[in-house]
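# Coordinate analysis (summary)
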Amino acid sequence: MRTVRDTVRPRTKGKTKPRSGRKPGIASFRRYVRLADGTKVTLRPIRPSDAAAERAFIEHLSPQSRYQRFFGPMQEVSDAAIAAFTQVDFSRAMALVATTKTPDGEIQIGVARYHIVPGTRCGEFAIVVADEWHGKGVARRLLKALMAAGRKHHRLKALVGEALSDNVRMIGLARALDFTIDTAPQDARLVRLRRKL
Ligand SMILES: CC(C)(COP(=O)(O)OP(=O)(O)OC[C@H]1O[C@@H](n2cnc3c(N)ncnc32)[C@H](O)[C@@H]1OP(=O)(O)O)[C@@H](O)C(=O)NCCC(=O)NCCS
């Protein structure tokens, strides 16, 4: 989604510090789920070592999925973009990947993320699933996990996002998860999605 800014954690800072208070640590957001077709899928926070998998995932997306995710063709995926996507500052953002095992090793099949809109308790989200995995329930599980992480880790009150108004899959998913769907005031090509947490 165009407006989602991914925050980069400087490499020198090392691992995420343990969180204080009642906030669960990032590692607690790892989940194992099974799709209706029996496929085992891991949902977990993204990490810097996912850079190669994230690049392969984005480069493998169809032009339509790229367009729907980034609101543009995004022909070249720069190293800086991959770093921003994988070196997440979990104090201000969340990013969960869906992975599964194949005979060739573990692959990324989806990713959902939000950043906290500064000064609010609202997360702005984006999600994308590999084309050959569409329609299997990956996004539904990822988005529900993202909503739970927003509630528990950042105490968010709402998730918001934008989608192209002809994106029937995303609008169907939003409807299935009880998001409200409104025309975006600043851009008629878009709908604004919102879900209280
Ligand atoms: C939108 C997207 C994330 C959905 O991923 P997905 O894994 O195929 O979605 P799911 O299989 O989990 O479907 C979840 C629900 O969405 C709805 N849905 C899915 N496909 C649909 C379609 N073609 N028409 C209407 N509703 C649909 C259904 O309610 C579905 O639930 P159900 O399977 O129980 O009926 C995926 O199509 C995608 O990656 N698109 C490109 C990127 C994008 O559009 N991102 C959104 C803007 S950031």
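The shown structure was predicted, so the numbers you read here are calculated from the model rather than taken from an experiment. (Residues numbered from 1 in each chain as written. Predicted model: local features only at pLDDT ≥ 70, side-chain atom pairs only at ≥ 80, totals over all residues.)

## Overview of the site of the ligand
Threshold: Only the C-beta atom, placed from the backbone, is used; a residue is near a molecule or strand if that atom lies within 6 Å of it. Comment: elements are numbered from the N terminus, with helices defined as DSSP H or I runs of at least four residues and strands as E runs of at least two. Side-chain classes are defined by residue name, with Ala, Val, Leu, Ile, Met, Phe, Trp, Tyr, Cys and Pro counting as nonpolar, Asp, Glu, Lys and Arg as charged, and the others, Gly among them, as polar.
Around the ligand, the structure places 23 residues, and the nearest of them are Gln68, Ala139, Arg140, Gly172 and Leu173. At the level of secondary structure, the elements contributing two or more residues to the shell around the ligand comprise helix H2 (63-70), strand E5 (122-129), helix H4 (138-153) and helix H5 (168-176). The leading source of residues in the shell around the ligand is H5, at six residues. Grouping the constituent residues of the shell around the ligand by class yields 12 nonpolar, seven polar and four charged.

## As for the environment of Ala52
The following threshold applies: Buried, partly exposed and exposed are defined by the number of other C-beta atoms within 10 Å of a residue's own C-beta, namely 20 or more, between the two limits, and 12 or fewer respectively, with C-beta atoms placed from the backbone.
When you line up the elements, Ala52 lands in helix H1 (residues 51-60). When the 11 C-beta atoms within 10 Å are taken as the criterion, Ala52 is described as exposed. Taking the C-alpha atoms as reference points, Ala52 and Thr86, separated by 34 residues in sequence, lie 9.7 Å from one another.

## Notes on the nonpolar core
Stated precisely, the cut-off is as follows: Here a nonpolar core is just a set of buried residues of the types Ala, Val, Leu, Ile, Met, Phe, Trp, Tyr and Cys, joined wherever their C-beta atoms sit within 7 Å. A residue pair is marked as a contact if its C-beta atoms, positioned from the backbone, fall within 7 Å.
Of all hydrophobic cores here, the largest spans 41 residues; its most connected members are Leu96, Ala112, Ile127, Leu142, Leu143 and Leu146. By residue number, the principal contributor to this core is H4, which donates eight residues. Every residue in contact with Ala112, bar those within four places of it in the chain, is listed here: Leu96, Phe125, Ile127, Leu142, Leu143 and Leu146.

## Considerations on the pairing of strand E6 (residues 158-164)
Stated precisely, the cut-off is as follows: The criterion for strand pairing is that DSSP finds at least two bridges linking the strands in question. A clockwise course of the path from the first strand over the helix to the second, judged with the strands pointing away from the viewer, identifies a crossover as right-handed.
Where E5 and E6 come together, three bridges link them in parallel fashion. The residue bridging Cys122 from the neighbouring strand is Ala158, located in E6. Where the polypeptide runs from E5 across H4 and back to E6, its parallel neighbour, the crossover connection is right-handed. Two strands pair when backbone bridges link them, and E6 and strand E8 (residues 190-196) are joined in this way by seven bridges, in the antiparallel orientation. Looking at E8, one finds that Glu162 is bridged to Arg192.

## Description of the pairing of strand E2 (residues 40-45)
As paired elements, strand E1 (residues 31-34) and E2 share four bridges and run antiparallel to each other. Bridge pairing in E2 links Tyr32 to Thr42. Following E1, the chain reverses through five residues before pairing antiparallel with E2; Gly38 in that reversal takes a positive phi of roughly 95 degrees. Sheet topology note: the E2/strand E3 (residues 93-102) ladder contains four bridges and is antiparallel. The residue bridging Arg44 from the neighbouring strand is Val97, located in E3.

## Description of the packing of H1 against helix H3 (residues 79-86)
Applicable threshold: Fitted lines through C-alpha atoms give the axes, limited to the stretch in contact for helices. The angle between two N-to-C directions lies from 0 to 180 degrees. Working rule for angles: under 35 degrees goes down as roughly parallel, over 145 as roughly antiparallel, 65 to 115 as roughly perpendicular, anything else as oblique. For a crossing to be left-handed, the near helix must be turned anticlockwise from the far one by less than a right angle; the clockwise case is right-handed.
Interhelical geometry of H1 versus H3 gives an angle of 115 degrees and a closest axis separation of 10 Å. Comparing the axis directions of H1 and H3 gives the class roughly perpendicular. The two elements H1 and H3 cross, and the hand of that crossing is right-handed. The segment H1 lies against H3, with Ala51, Glu54 and Arg55 engaging Ile82, Phe85 and Thr86. Per-class residue counts for the contact of H1 with H3 are three nonpolar, one polar and two charged.

## Structural notes on the environment of Pro48
Mapping Pro48 onto the fold places it in the loop between E2 and H1. Residues within four places of Pro48 in sequence aside, it is in contact with Thr86 and Gln87.

## Regarding the sheet that holds strand E4 (residues 105-116)
As summarised here, the arrangement of the eight strands in space is E1-E2-E3-E4-E5-E6-E8-E7, forming an open sheet in which the pairing is mixed. Both edges of this open sheet fall to E1 and strand E7 (180-183), since each of them pairs with a single strand only. When the angles between neighbouring strand axes are averaged without regard to direction, this sheet yields 25 degrees. Sheet analysis places E3 next to E4, joined by 10 bridges and oriented antiparallel. What sits directly across from Thr102, in E4, is Gly105.

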